[in-house]
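Understanding the architecture of this molecule
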Amino acid sequence: MNIATLAGLERLADDIKALDMGTFLNLLWSTTLCIRSPKLVQEVLLVLHDCRNGVNHSDPVLRYAHKHALAVVFDRAEEAADACPCDETGRPKRQTNRPTRAKLVSPQPQHAHEAAEQIIVVAHTRIDAPTPVRIHSHVRLQVAS
């Protein structure tokens, strides 16, 4: 799986280079949120960054943005690995403290136009939970079956 992912990204290098900055940043962020294997997420982020090398050399602002965006997503990937340690295949490892689980509920929209523009969910957590939830904690979503 690792080799196929990286080979696929290499084939898409020209398309990745053609992305605007906002789309590329969303791609970096989505990569960090979607790939669980710590080694694979690092390799994919580096390949994505290498695909953009020709773009960011011309403008110092873009070069700065690319460099620091990569640093931010690497930091986020490390936080995800700390919050939910996974093996090389992406399966979660056993932990001494179980991660906090919270059910997502849909709040009532304040205005009719808000419901059409955004999808908002709220998680109610207990203050006495064994594992604390902090602001900007990494979140892993699980499919409800």
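Heads up: these notes are all about the structure in this document. All values derive from a computational prediction rather than experimental measurement.

Let's talk about the overall build of the protein
The helix and strand tally for the protein stands at 7 helices and 2 strands. Burial statistics for the protein: of 145 residues in total, 23% are counted as buried. Of the accessible surface of the protein, which amounts to about 11000 Å², a share of 56% is contributed by carbon and sulfur atoms.

A closer look at the packing of aromatic side chains
Between two aromatic rings, the relevant description is the distance of the centres plus the angle of the planes. Throughout the structure, instances matching the rule amount to 0 aromatic pairs. A cation over an aromatic ring shows up here: R52 above the ring of F24, its NZ or CZ 4.5 Å from the ring centre.

Here we look at a nonpolar patch on the surface
On the surface, W29, L33 and V72 cluster together into a nonpolar patch covering about 260 Å² of accessible area. For W29, the location among the structural elements is in helix 3 (residues 21-34). Given a relative accessible area of 35%, W29 falls into the partly exposed group.

Let's talk about the environment of V41
Tracing the backbone through its elements, the reader meets V41 in helix 4 (residues 38-51). Between the C-alpha atom of V41 and that of F74, which follows or precedes it by 33 residues, the distance is 8.7 Å. Once you skip the residues sitting within four places of it in the chain, V41 turns out to touch T31, T32, I35 and A77.

Focus on the side chain of T32
Of note, T32 is situated in helix 3. T32 sits in the buried class, given a relative accessible area of 1%. From its side chain, T32 meets the backbone oxygen of L28 in a polar contact 3.1 Å long. The contact partners of T32, leaving out residues within four places of it in the chain, are V41, L45, V73, R76 and A77.

Things to note about the nonpolar core
Core analysis: the largest hydrophobic core is formed by 19 residues, its most contacted members being L9, I16, L28, V44, L45 and L48. Among the secondary structure elements, those contributing two or more residues to this core are helix 1 (2-11), helix 2 (13-18), helix 3, helix 4 and helix 6 (60-83). Ranked by residue count, the leading element in this core is helix 4, at 7 residues.

About the thresholds
- Residues numbered from 1 in each chain as written.
- Predicted model: local features only at pLDDT ≥ 70, side-chain atom pairs only at ≥ 80, totals over all residues.
- Heavy atoms only, no water.
- Helix = DSSP H or I, 4+ residues; strand = E, 2+ residues; numbered from the N terminus.
- Buried < 20%, exposed > 50% of the residue type's maximum accessible area, 1.4 Å probe, protein only.
- Areas by Shrake-Rupley, 256 points an atom, 1.4 Å probe, with all protein chains shown as cover.
- Phe/Tyr/Trp six-rings, centres within 6.5 Å; stacked < 30°, edge-to-face > 60°.
- Lys NZ or Arg CZ within 6 Å of the ring centre and 35° of its normal.
- Patch = residues over 30% accessible without salt bridge, like charges linked within 9 Å, V, L, I, M, F, W, Y side chains within 5 Å.
- Salt bridge = Lys/Arg side-chain N within 4 Å of Asp/Glu carboxyl O.
- Contact = heavy atoms within 4.5 Å.
- Polar contact = N/O pair within 3.5 Å; in protein donor to acceptor, adjacent residues only side chain to side chain.
- Core = buried A, V, L, I, M, F, W, Y, C linked by side-chain atoms within 4.5 Å.

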